[in-house]
Amino acid sequence: MNQTLKLSSNTYNDEPLNKTKGIENQRENATLLMLVRNWELSGALRSMRSLEDRFNKNYQYDWTFLNDVPFDQEFIEATTAMASGRTQYALIPAEDWNRPSWINETLFEEALQLMEEKNILYGGSKSYRNMCRFNSGFFFRQKILDPYDFYFRVEPDVEYFCDFPYDPFKVMRQNNKKYGFVITMYEYEDTIPSLWEAVEEYLEETESADVDMESNAFGFVSNFDFIGKSFGVIDSNSGYNLCHFWTNFEIGDLNFFRSEKYIRFFEYLDSKGGFYYERWGDAPVHSIAASLLLKKDEIIHFDELGYKHMPFGTCPSAYYLRLQQRCLCDSNHPDNIDLNVISCLRRWWKDGSGKYFLKHDS
Ligand SMILES: Nc1nc2c(ncn2[C@@H]2O[C@H](COP(=O)(O)OP(=O)(O)OP(=O)(O)O)[C@@H](O)[C@H]2O)c(=O)[nH]1
Ligand SMILES: [Mg+2]
């Protein structure tokens, strides 16, 4: 029934999809990557079980685990038992994790208190800020990742709803993709009040030397105009429309993050202190970086991969794809964020590299 059906995707042609099916021994130079705490073991195992069943058992990619404190024996044994591939564990150096000494303690404590009072999600957390800064500027510099070209970020307690119809690492390499996502939505503005100002200053001070506005996806993060028949619903106080890729799922080319231009971008932002004085997330940072520094065609929306990280999920809309890939999700369910007004997917279709028809006036 289904071998000849076209899968529901126009983000790239179908050929690599079909070609990669069944060629399961030819692995890419890639690793599954989880930053995680020892006490999150059960959630880590649930995520591993799901990804192994849906994808990795056929490929046996390595699993790499990172932590700011040493992993305990129980964590190592259980995750190694759950993995079909090799497992490896690394301790993050303190200087890549902790708050830098130039952060003003008084201002920092004031910011924490203020955000806590405003009930901002993780607004009062110190470790969450370390995590966001680490994921923005340091994960790709960990020695244990040096041998790899691609990573697939996995978090505890996530679920993959469908069998993968392809090896996403192979799709990335063969199609010259540098950044892949499944969910995109609006960011909480209260966590990043001055982020866009910093981005504008970065563009000014570097005279946009690393940026090609002709080919990048700048419009995805900066356009406010109509999408289809409606405006985006979320107000913004800056030139940033608040759209970002949800980074708890992300497949990326490590060489992009290692590049001088990404590091220049990160270090400029870092120098402003906003990871601590505000609560800048790695999601808007990665998303703005990818939208500025990559060509829009180097970013891919994996719309065939069902996925859930509380409280949102995404489920492929194509009926036969859901059957063929044995999906355990309902694309019409309200939890499917792609239909929700807080999703930026339609903005991506229009101003990113998907859904060609939406880019033209009808
Ligand atoms: N080793 C370590 N990992 C952390 C720490 N804080 C967060 N993480 C990991 O970083 C990732 C993101 O943290 P989460 O707590 O999931 O943050 P979130 O996804 O924004 O929020 P929820 O999932 O809703 O809690 C997850 O993989 C966590 O396991 C930390 O202090 N140490
Ligand atoms: Mg999470």
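The name given to the protein chain in an unreviewed UniProt entry is Mannosyltransferase, with Saccharomyces pastorianus as the source organism. In the Sequence similarities (unreviewed entry) part of its UniProt record, the protein chain is described as follows: "Belongs to the glycosyltransferase 15 family."

J.: Is there a simple way to think about the UniProt feature "active site" (unreviewed entry) in the protein chain in this case?
T.: Taking the UniProt record as the reference, the feature "active site" (unreviewed entry) is found at Glu250. Setting aside residues no more than four positions away along its own chain, Glu250 makes contact with Arg153, Gly180, Phe181 and Phe245.

J.: Looking at this model, I keep getting lost on the nonpolar core. Mind explaining?
T.: Nonpolar side chains in soluble globular proteins generally cluster together in the buried interior. Among the nonpolar cores identified, the biggest contains 89 residues, and Phe150, Tyr151, Ile183, Ala289 and Tyr307 are the most heavily contacted of them. Top element by residues in this core is helix α13 (residues 282-293). It accounts for seven residues. Every residue in contact with Ala289, bar those within four places of it in the chain, is listed here: Tyr262 and Phe265.

J.: I tried to follow the site of ligand 1 on my own but got confused; where do I start?
T.: Near ligand 1 you find Leu35, Val36, Arg37, Glu40, Asn67, Asp68, Ser127, Met131, Glu155, Pro156 and Asn248, and these make up its full shell. Residues of the shell around ligand 1, tallied by class, amount to four nonpolar, three polar and four charged.

J.: Can you walk me through the confidence of the model for the protein chain in this structure?
T.: As a general rule, the predicted coordinates of low-pLDDT regions are not to be interpreted in detail. Taken over all residues, the pLDDT of the protein chain has a mean of 91, while the share at 70 or more is 89%. Across residues 15-23 the pLDDT falls below 50, and counting only partners more than four positions away or on other chains, this stretch makes 13 contacts in the model.

J.: It is not clear to me how the environment of Asn241 should be interpreted in this structure. Could you clarify?
T.: The topology assignment puts Asn241 in the loop between α9 (218-222) and β8 (243-245). Residue Asn241 is classed as buried on the basis of its C-beta count, with 23 C-beta atoms lying within 10 Å. Considered as a pair, Asn241 and Cys344 are 103 residues apart in the sequence and their alpha carbons are 9.6 Å apart.

J.: Please clarify how the sheet that holds strand β4 (residues 150-153) should be interpreted in this entry.
T.: Sheet strands line up and pair through hydrogen bonds in the backbone, either parallel or antiparallel. Here seven strands make up an open sheet; going across it, the order is β3-β2-β1-β4-β9-β6-β10 and the pairing mixed. Each end of this open sheet is capped by a strand with a single partner; those strands are β3 (87-91) and β10 (299-301). Strand after strand, the sheet turns through a mean of 20° between neighbouring axes, direction not considered.

J.: Is there a simple way to think about the sheet that holds strand β12 (residues 312-314) in this case?
T.: An order of β5-β11-β12 is seen for the three strands of this open sheet, with the pairing classed as antiparallel. Every interior strand has two partners, whereas the edge strands, β5 (158-160) and β12, have only one. Neighbouring strand axes in the sheet, compared pairwise and without regard to direction, differ in orientation by 5° on average. Bridge analysis of strand β11 (residues 307-309) against β12 gives three bridges, and the strand direction is antiparallel. By the bridge assignment for β12, Tyr307 is matched with Thr314.

J.: Looking at this structure, I do not really get the packing of helix α2 (residues 41-54) against helix α3 (residues 73-82). What am I missing?
T.: When two helices pack together, their arrangement is given by the angle between their axes and by how far apart the axes lie. With their axes 10 Å apart at the nearest point, α2 and α3 run at an angle of 15° to one another. In terms of their interaxial angle, α2 and α3 are classed as roughly parallel. Viewed along their axes, α2 and α3 form a crossing whose handedness is right-handed. When α2 is examined against α3, the residues Leu41, Ala44, Leu45, Met48, Arg49 and Glu52 are found in contact with a partner set consisting of Glu74, Phe75, Ala78, Thr79 and Met82. Of the residues contributing to the contact of α2 with α3, the split by class is seven nonpolar, one polar and three charged.

Reading the values: rules and limits
- Residues numbered from 1 in each chain as written.
- Chains lettered and ligands numbered in written order.
- Predicted model: local features only at pLDDT ≥ 70, side-chain atom pairs only at ≥ 80, totals over all residues.
- UniProt positions renumbered as here; feature names shortened; annotations may be inferred.
- Contact = placed C-beta atoms within 7 Å.
- Core = buried A, V, L, I, M, F, W, Y, C linked by C-beta atoms within 7 Å.
- Buried ≥ 20, exposed ≤ 12 C-beta atoms within 10 Å, placed from the backbone.
- Helix = DSSP H or I, 4+ residues; strand = E, 2+ residues; numbered from the N terminus.
- Near = placed C-beta within 6 Å.
- Nonpolar A, V, L, I, M, F, W, Y, C, P; charged D, E, K, R; others polar.
- pLDDT = per-residue confidence, 0-100.
- Pairing = 2+ DSSP bridges.
- Axes fitted to C-alpha atoms, helices over the stretch in contact; angles between N-to-C directions.
- Parallel < 35°, antiparallel > 145°, perpendicular 65-115°, else oblique.
- Left-handed = near helix turned anticlockwise from the far one by under 90°.

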